[in-house]
Amino acid sequence: MDLDVIRELIQLMKEHQIAELDWQREGNHIRLKSAAVAGPPAPLPAAQPLALPPATQAEGAPDAGTAGEAPREEGIVITSPIVGMFYRSPSPEKPPFVEIGDAVDENTVLCIIEAMKVMNEIKAEAVGTVQRILVENGQPVEYGQPLFVLTPPGA
Amino acid sequence: MDLDVIRELIQLMKEHQIAELDWQREGNHIRLKSAAVAGPPAPLPAAQPLALPPATQAEGAPDAGTAGEAPREEGIVITSPIVGMFYRSPSPEKPPFVEIGDAVDENTVLCIIEAMKVMNEIKAEAVGTVQRILVENGQPVEYGQPLFVLTPPGA
Amino acid sequence: MFQKILIANRGEIALRIIRACRELGIKTVAVYTEVDRDSLHVRYADEDVCIGPGTADAYRNAPQIISAAEITDADAIHPGYGFLAENADFAEICEQCRIKFIGPSAKAIRMMGDKAAARKAMMKAGVPVTPGSKDAVSGLEEAIQVAHEIGYPVMLKAAAGGGGRGMRVAHTDVALAGALATAQAEARAAFGSGEVYLEKLVMRPKHVEIQILADSHGRVIHLGERDCSIQRRHQKLVEESPCPTLDDKLRRDMGAAAIKAARAARYEGAGTVEFLLEDRKFYFMEMNTRIQVEHPVTEELTGIDLIKEQIRIASGEKLGYRQKDIEFRGHVIEFRINAEDPDYNFAPNPGKLTTFHVPGGPGVRIDSHAYSEYVIPPHYDSMIAKLIVKGKNRAEAVRRANRALDEFVVEGIRTTIPFFLKILRNERFLSGDYTTAFVEEFYE
Amino acid sequence: MFQKILIANRGEIALRIIRACRELGIKTVAVYTEVDRDSLHVRYADEDVCIGPGTADAYRNAPQIISAAEITDADAIHPGYGFLAENADFAEICEQCRIKFIGPSAKAIRMMGDKAAARKAMMKAGVPVTPGSKDAVSGLEEAIQVAHEIGYPVMLKAAAGGGGRGMRVAHTDVALAGALATAQAEARAAFGSGEVYLEKLVMRPKHVEIQILADSHGRVIHLGERDCSIQRRHQKLVEESPCPTLDDKLRRDMGAAAIKAARAARYEGAGTVEFLLEDRKFYFMEMNTRIQVEHPVTEELTGIDLIKEQIRIASGEKLGYRQKDIEFRGHVIEFRINAEDPDYNFAPNPGKLTTFHVPGGPGVRIDSHAYSEYVIPPHYDSMIAKLIVKGKNRAEAVRRANRALDEFVVEGIRTTIPFFLKILRNERFLSGDYTTAFVEEFYE
């Protein structure tokens, strides 16, 4: 990891309004916290300070994604029901199941998650339009990790 | 990592309104926190609970008395300046130095504290009337332990 | 050696394995459920993967765990104890996926998991088992004959079964007739086979187990015993080594028998052979094909890190010790600090640890995933810490245990600490001559 | 045996002594100043006596402490280290008051406290001392002659003094002439005597010390060495045993020399003989007539509880060991976790520990009086914990140290932990071949 990477990370944070970033890879560890998008100053932790800072909340995303970390997305968030590899298309030479802007319904397949050599089709199970795709093709995902954001009909 | 890198990081933080940065790489660790963008200072955590209940407060009086435990007495509290045995009279057959209701001044001896076979006379060092005597004759006392309460003149 | 190990467990054992890996220079992957997000094993691992919501089943979900290993490129899985540790199918799946299961072969797990098969194999290998019929008894006549040979009381057990069904105790011939009929009927109903066999009922045994290490090159050694007789409803609470009533001769004999048992199973890795001990006679009970909760007792007594040895053995290394190199020094006792209320029948007591201050100083080891402000989730077992004390002899270990338990500050929940402080004042416990009936009798 | 011991100290050593007393069944009295009210030694003692406001002097106030012992009927006083531990007058007062001082006689303390007298006594006893003049040098001619015999560089020291005054280093004859004049003048001004003696300056030694136990029946044994060369401005930071560069022969020789030193002082109790070691030659430096901060290193290596031994010896018991019974097993390293900022010249960093979570697991011992939310008072020394790790060899101990230091969570103040993590990656440290110059060089 070098300065260029950090510059790029900061750029990404700005672009996508990311408030915090925590990245560990092979001995590198970087943590960034944006002031710009920190939002309205937290209305005070009346709560006591945690004695030991909780691992994931405080330190951010684990390698394989950010399971369960409250996605503050507007819309319907589709999370991964299993652990595995995320694929946007049924095979490398085929086009993706969905693209941003596509209308989907309960039965539309959004992606495949491969677990133990089995291809598991993940359906939308909701009606809406694909607003954002949160995971890159071929990346590993955890249980509960947000994959897609759908805009509900009429929104 | 050297100073130039740090300088550049600081520049980046300023430019992009980054509030915190924490970077570890191969034994290097840098942590930066901007004061400028830290936002309004948190309006102070209401007192946190003590993790371990303090010994004396929680467990009450130690054997040899309760030194320093805030005596909520009205009046002038005379505390022991040393550790030793408390005696109200100069010798067993003699009457006590003072009794409740006696008027005392700075030079009035209130009691003796015996330490290492030496009899230390303890003077009032204040003007008033003996309101209460807090220790029994012949009992051990600690440093700072309240011995007498005087009512100040005119109270 | 492995590059990266996934730990298919939680709590103190997950942390214990991470510690061993760090000391071996191996990367670690923690898996966790949503309620375990703040657990220390997640914090101290190099990587972590969420594998499900807050249920016990998540840690038993083999496909999820294999997937987690695959996406993180882990080349081995350590199962800890419980969950998937003695699941032969899981061991097989690992093998198919070319991920090394840190434990014995699926075959050894299966053999020792089937109690009737294990008993037979042990008899064949010359390991003493509880006296009784070799196979299922043909009828009442044979049952009475065997009962007379071995002496009453006797226990009838379903050959195919387990879990208490088809089990009956008899003290006389008359009672045996009735018990046999009932046991056979129950066994038939439960397991589809009415076959029952008969064993001597050992009334007041000590539970003494032998720790084994076996490498993949045929070397098997034992690391002495642990006396685990302080149990409540088959849950061990206190374990110590040496067993206060064992002498060198008996220790050697039991060690040799345990080695025979491991060899018969072609065992690899760390394992424990459990025996019942009564009147200087010992009987094979079962073999646990995993690391055990109480393994630190042996570690402190021998100076050998059992988790590291497990990992080394799984990676194909040879054992670095021979039997004669194993020395036992001092006396070690372990206490399981559980979030349970000993005044209310050991009811689990999950909740937030408002204070968690552990004892320190000489001869004190703490294995715990807890910390101040940690919330114990109600989904899993109630153990929050193991306190292991070592002294140069049993008397010093007992006094040290007293001192350390007194220093332990846990606030917010109830624990077994006051119960242990009572046990440490009990004459029977102090004599060392206690049996598995101790806790029950202690409460009367 | 004593009924009740007053501990004339604070912090971790007070807690350490309380632990030993509890395990021996002896009641304890803690003394404390107003700022130490919430310290754990107060919490864990049976009784406590406040002896003054928050000043370091309070723990040195002999009359107050004797009074505290008298009003609580304590029959012995353990001085710990620092404060009154090497105060011969205090040892004498204790004797006059018929309170047993747990330590050597006032005479032994005095003899070893006077560096020039100790050097002479050691020469007489046949303990190797740094080469140099036997007495004060008569003039420049003799000084040059001695310097040529022992070789430059040399050090001039005031015979009557200490604390750096009257000390001068010379590398050549010319420099020696000037240095001698200055040293004599300084010594005359400071101590009223211009006598100076001359010693060889050992440039890059190891600081290796031998732990001694001597009972009141004439038995003296040693418990091996500790390498304390990792120092910063004469403050030890890391201590280990065995010393990585010592062999059995040298260990035996140094042990024998230390026993000679102890016998020459008619020593009783636990003590330490410090040597400089260079090129397999060792020279007596001084004897510490007290228990030391780093005593746990020896405890973990030998399995012997030094504080209990001190108490037993003081009560008149015979040592329960002979030299041949002392076994060294494994490798032990201690780290002093100080509330100091290693990035700012080790500036003390008192304050509130918002989080204090100690490492656990195998081979980890923590001696600490701190806890979460504890406020470190600025009045006393900055040590908040000692981390002692043990491995079966040095490599394992080093890895374990890494792992344990990584696990240690201290928030609210800065500590020496990051500094130790750096040291553990240093090639020179890893080689074991480091000297007292290490920390200085490490920072360049």
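Residues numbered from 1 in each chain as written. Chains lettered and ligands numbered in written order. Predicted model: local features only at pLDDT ≥ 70, side-chain atom pairs only at ≥ 80, totals over all residues. Heavy atoms only, no water.

(A) View of the side chain of C:Thr33. Residue and element names in this part refer to chain C. Within the secondary structure, Thr 33 sits in strand β2 (residues 27-33). On the basis of relative accessibility, which here comes to 0%, the residue Thr 33 falls in the buried class. Within polar-contact distance, the side chain of Thr 33 engages the side chain of Tyr 380 at 2.7 Å. Not counting the four nearest positions on each side in its chain, Thr 33 is found in contact with Gly 52, Pro 53, Gly 54, Thr 55, Ala 58, Tyr 59 and Tyr 380. (Helix = DSSP H or I, 4+ residues; strand = E, 2+ residues; numbered from the N terminus. Buried < 20%, exposed > 50% of the residue type's maximum accessible area, 1.4 Å probe, protein only. Polar contact = N/O pair within 3.5 Å; in protein donor to acceptor, adjacent residues only side chain to side chain. Contact = heavy atoms within 4.5 Å.)

(B) Up close: the relation of the copies chain D and chain C. At an RMSD of 0.1 Å, chain D and chain C line up after a rotation of 180 degrees and a shift of 0.1 Å along the axis. In short, the pair behaves as if placed about a two-fold rotation axis. The rotation axis passes nearest to the C-alpha of D:Arg365 in chain D, at a distance of 3.5 Å. (Least-squares fit on C-alpha atoms with pLDDT ≥ 70 in both.)

(C) The interface of chain D and chain C, seen in detail. Facing 41 residues of chain D, the contacting portion of chain C comprises 41 residues. Roughly 3200 Å² is buried in total at the junction of chain D and chain C, and carbon and sulfur atoms are behind 44% of that figure. Contact with chain C buries area across many residues of chain D, yet D:Arg19, D:Glu23 and D:Arg329 alone supply 21% of it, more than any other trio. Run the count over chain D and chain C and you get 12 salt bridges. Notably, a salt bridge pairs C:Glu23 with D:Arg403, separated by 2.8 Å at the nearest N-O pair. Counting every contact that joins chain D to chain C gives 22 residue pairs in polar contact (both at pLDDT 80 or more). Mapped by element, the contributors of at least two residues to the side of chain D that touches chain C are α1 (11-24), α2 (40-44), α10 (295-302), α11 (306-314), β19 (364-367) and α12 (394-407) of chain D. Looking at which element gives the most residues to the side of chain D that touches chain C, the answer is α12(D), with six residues. In terms of residue class, the side of chain D that touches chain C is built from 13 nonpolar, seven polar and 21 charged. (Buried area = accessible area lost by both parts, 1.4 Å probe. Salt bridge = Lys/Arg side-chain N within 4 Å of Asp/Glu carboxyl O. Nonpolar A, V, L, I, M, F, W, Y, C, P; charged D, E, K, R; others polar.)

(D) Seen up close, the side chain of C:Gln64. Tracing the chain through its elements places C:Gln64 in helix α3 (residues 62-71). For C:Gln64, a relative accessible area of 5% translates into the label buried.

(E) Representation of the packing of helix α1 (residues 11-24) of chain C against helix α11 (residues 306-314) of chain C. All names here are of chain C. Following both chains from N to C, one finds α1 and α11 inclined at 65 degrees, their axes separated by 9 Å at the closest point. Like other packed secondary-structure pairs, α1 and α11 cross with a definite hand, here right-handed. Facing α1, whose interface residues are Arg 16, Ile 17, Ala 20, Cys 21, Glu 23 and Leu 24, α11 presents Ile 307, Lys 308, Ile 311 and Arg 312. Along the lines of polarity and charge, the residues of the contact of α1 with α11 split into six nonpolar, no polar and four charged. (Axes fitted to C-alpha atoms, helices over the stretch in contact; angles between N-to-C directions. Left-handed = near helix turned anticlockwise from the far one by under 90°.)

(F) Structural detail: the sheet that holds strand β8 (residues 196-200) of chain C. All names here are of chain C. Sheet architecture is open: three strands sit in the order β7-β6-β8, paired in antiparallel fashion. Across the chains shown, the open sheet's two edge strands, defined by having one partner strand only, are β7 (168-170) and β8. For this sheet, the mean angle separating the axes of adjacent strands, direction not counted, is 25 degrees. As defined by bridge partners, strand β6 (residues 154-158) adjoins β8 across five bridges and the pair is classed as antiparallel. Residue pairing in the sheet places Ala 158 in a bridge with Val 196 of β8. (Pairing = 2+ DSSP bridges.)

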